[in-house]
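Residue-level listing of the chains:
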Amino acid sequence: MGKTLTAMKDHTAAERHYRQALAGRALGTYQRGHGLAMANLGRSAAGQYRHEEAVGLWAKALDFMGGVVSDRNRQAVREIQAAAARYRRRGVTGAASLNQRATELLNNQA
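The paragraphs below set out a description of the structure included in this document. The structure displayed is predicted, hence computed values, not measured ones. (Residues numbered from 1 in each chain as written. Predicted model: local features only at pLDDT ≥ 70, side-chain atom pairs only at ≥ 80, totals over all residues. Heavy atoms only, no water.)

**Side note on a positive patch on the surface**
Thought 1: A cluster of basic residues, Arg 86, Arg 88, Arg 89 and Arg 90, forms a positive patch at the surface.
Thought 2: Structurally, the position occupied by Arg 90 is in helix H5 (residues 71-90).
Thought 3: Arg 90 sits in the exposed class, given a relative accessible area of 54%. (Patch = residues over 30% accessible without salt bridge, like charges linked within 9 Å, V, L, I, M, F, W, Y side chains within 5 Å. Areas by Shrake-Rupley, 256 points an atom, 1.4 Å probe, with all protein chains shown as cover. Salt bridge = Lys/Arg side-chain N within 4 Å of Asp/Glu carboxyl O. Lys, Arg positive; Asp, Glu negative; His and termini not counted. Charge placed at Lys NZ, Arg CZ, Asp CG, Glu CD. Helix = DSSP H or I, 4+ residues; strand = E, 2+ residues; numbered from the N terminus. Buried < 20%, exposed > 50% of the residue type's maximum accessible area, 1.4 Å probe, protein only.)

**Concerning the side chain of Ser 44**
Thought 1: Mapped onto the elements, Ser 44 comes out in helix H3 (residues 31-47).
Thought 2: You can call Ser 44 buried: its relative accessible area is 0%.
Thought 3: With near-sequence residues (within four places) excluded, Ser 44 lies in contact with Thr 6, His 11, Ala 14, Glu 15 and Tyr 18. (Contact = heavy atoms within 4.5 Å.)

**Describing the environment of Gly 67**
Thought 1: Here Gly 67 is to be found in the loop between helix H4 (51-65) and H5.
Thought 2: Under the relative-accessibility criterion, Gly 67 is labelled exposed at 73%.
Thought 3: In this structure, the C-alpha to C-alpha distance between Gly 67 and Arg 32, residues 35 residues apart in sequence, is 9.4 Å.

**Some words on the side chain of Asn 99**
Thought 1: You can see Asn 99 is positioned in helix H6 (residues 95-109).
Thought 2: Sequence-distant contacts of Asn 99, defined by excluding residues within four places in its chain, comprise Gln 81, Ala 84, Ala 85 and Arg 88.

**Focus on the packing of aromatic side chains**
Thought 1: One pass over the full model with this rule turns up one aromatic pair.
Thought 2: Between the aromatic rings of Trp 58 and Tyr 87, the centroid separation amounts to 5.9 Å while the plane-to-plane angle is 35 degrees, which identifies the pairing as tilted. Here Trp 58 is found in helix H4, whereas its partner Tyr 87 is found in helix H5, with 29 residues between them in sequence. The burial state of Trp 58 is the same as that of Tyr 87; both residues are buried. (Phe/Tyr/Trp six-rings, centres within 6.5 Å; stacked < 30°, edge-to-face > 60°.)

**Concerning the nonpolar core**
Thought 1: If you look at the biggest cluster of nonpolar residues, it comprises 32 residues, and the most contacted ones within it are Trp 58, Leu 62 and Met 65.
Thought 2: For this core, the elements supplying multiple residues, two or more each, are helix H2 (11-23), H3, H4, H5 and H6.
Thought 3: At eight residues, H4 tops the list of elements feeding residues into this core.
Thought 4: Among all residues touching Leu 62, those that are not within four sequence positions of it are Val 77, Ile 80, Leu 98, Arg 101, Ala 102 and Leu 105. (Core = buried A, V, L, I, M, F, W, Y, C linked by side-chain atoms within 4.5 Å.)

**Examining unusual backbone geometry**
Thought 1: Non-glycine residue Lys 9 carries a positive phi angle of around 65 degrees.
Thought 2: Relative to the helices and strands, Lys 9 resides in the loop between helix H1 (2-7) and H2.
Thought 3: One non-glycine residue, Tyr 49, lies in positive phi territory at about 65 degrees.
Thought 4: Summarising the element assignment, Tyr 49 is placed in the loop between H3 and H4.
Thought 5: Among the residues examined, Tyr 49 registers a relative accessible area of 69% and is labelled exposed.

Listed below in C-alpha cells is the structure:
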C-alpha cells in the first residue's frame, strides 16, 4: 500500500502507512523489512520536502541494512546513495556522511 501511495505522490498517507508498519515490528526482527520500511519512510519525508529528516531516516535504514544481502536491499541503498549525493550538492546537513555510508555499505556487499 505504501508503494502505491508513494507512486500516487500521496507522501503524507504513505508516511502514515510506513510508520504504522514499523510500529508493528519488534526491533531486531525482520531486519531487512525494517530497513526497507525505514528507507521508504525516508522517501516519504523527502517527498514532503523534509530533507534533513529524510537524511536521518535513511541513516537509520542503513543501520538495519548492514549485513543484509539481497537485491532489494542493494537497490534501496543505491537509491539512498543517489539522493544523498543530490542533497550533498545542495548542502543538506548530514548528506555527505550518508552518501559515504551508503557507498561503503555497497562496497562491502560486492
